Amino acid sequence: MKSVLHYVLAASTVVPALANNGNNKQITVHDKKFAVSITHDEVAQRVRTLGEQISKDYAGKRPIFVGVLNGAFIFLSDLVRATDLDCEIDFIKIASYGDATTSSGTITLSKGLSCDITDRDVIVVEDIVDSGLSLQFVVDLLKKSNPRSIRVAALLDKNLCKLNFPIDYVGFNIKPEFVIGYGLDYAQAARNLKDIYTLVL
Ligand code: 5GP
Ligand code: MG
């Protein structure tokens, strides 16, 4: 059974971005090698725990989960299903990384909210916190709409930054390494990998 052998498209004119390196634990994406660092089972277990915690914290409330596209789409979809809340879901999209493995430092908003969050309980869902600039940008932006409360859930935290607000729900604290999979990309590839992989140097 194939496990980590995925191709971007079957069309012969398209160069495969992902290839299995002969075992299930290491893959090549474009020009770089990656190895599994957090398995899907570990992620699923942690997301279940976060979902239970959020369900308790927001019992009787009707929060709006705001996913930060593109990276958070898989985490958000698993996280909301790990809660038993009556909730709403919206997305914003920002651009910060481009196609590189390091942050550009410049953030632009590509898609704003589609709903009104005034007086609502908002949970921002982010894939990973590196410099923290993206999250700071998003939280500052959402606060302008005067939500009743705003909390943050991040699947991964590299612990590199000091934000002026807490990250209330953290999946995993990781080393400051470049990771892909479970929503996270390398040059737009690899978002659909189930496990989380770290760049092999
Ligand atoms: P920050 O603004 O905190 O430096 O970076 C946040 C955004 O950059 C994340 O939401 C994510 O989209 C991207 N990013 C940061 N670190 C990584 C990483 O290790 N891998 C990937 N694929 N994206 C990252
Ligand atoms: Mg992100």
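See the structure above.
Reference entry: report on the structure contained in this document.

Rules of the game
Counting restarts for each chain: residues are numbered from 1 in the order of the written sequence. Both sets of labels track the order of writing: A upward for chains, 1 upward for ligands. Only residues with pLDDT of 70 or above have their local features reported here, since the model is predicted, and side-chain atom pairs are shown and tallied only from 80 upward, although totals for entire chains, interfaces and linings are computed over all residues. Remark: hydrogens and water are excluded; side-chain values derive from all non-hydrogen atoms of the structure. Note on classification: 1.4 Å probe, protein chains only; a residue is buried when its accessible area is under 20% of the maximum for its type, exposed when over 50%, partly exposed between these limits. To qualify as a helix, a DSSP run of H or I must reach at least 4 residues; to qualify as a strand, a run of E must reach at least 2; elements of each kind are numbered from the N terminus. By definition, residues are in contact when any of their heavy atoms lie within 4.5 Å. Between 30 and 60 degrees the pair is tilted, below 30 it is stacked and above 60 it is edge-to-face, where a pair is any two Phe, Tyr or Trp rings, Trp via its six-membered ring, whose centres lie within 6.5 Å. Put simply, buried Ala, Val, Leu, Ile, Met, Phe, Trp, Tyr and Cys residues joined by side-chain atoms within 4.5 Å make one nonpolar core.

Examining helix 3 (residues 133–143)
Structural remark: α-helix, 3.6 residues per turn; residues separated by three or four positions point the same way. Restricting attention to buried positions, one finds in helix 3 the residues Ser134, Leu135, Gln136, Val138, Val139 and Leu142. The elements touched by buried residues of helix 3 are strand 4 (64–69), strand 5 (88–95), strand 7 (121–129) and strand 8 (149–157).

Side note on the packing of aromatic side chains
By the definition in use, this model includes 3 aromatic pairs. Ring geometry for Phe178 against Tyr186: centres 6.1 Å apart, planes inclined by 80°, an arrangement best described as edge-to-face. In this pair, the class of Phe178 matches that of Tyr186, namely buried. Here the aromatic residues Phe34, Phe178 and Tyr186 are joined through ring pairs into a cluster of three or more.

Topic: the nonpolar core
The tendency in soluble globular proteins is for nonpolar side chains to be buried as a group. Counting 27 residues, the largest nonpolar core has Phe65, Phe75, Leu79 and Leu156 as the members making the most contacts within it. Residue assignment for this core shows that the elements contributing at least two residues are helix 1 (40–57), helix 2 (73–81), strand 7, strand 8 and strand 9 (169–173). The element contributing the most residues to this core is helix 2, with 5 residues. Every residue in contact with Leu79, bar those within four places of it in the chain, is listed here: Val47, Leu50, Gly51, Ile54, Phe65, Val125 and Ala153.

Geometric descriptors of this kind do not, in isolation, establish any biological role.
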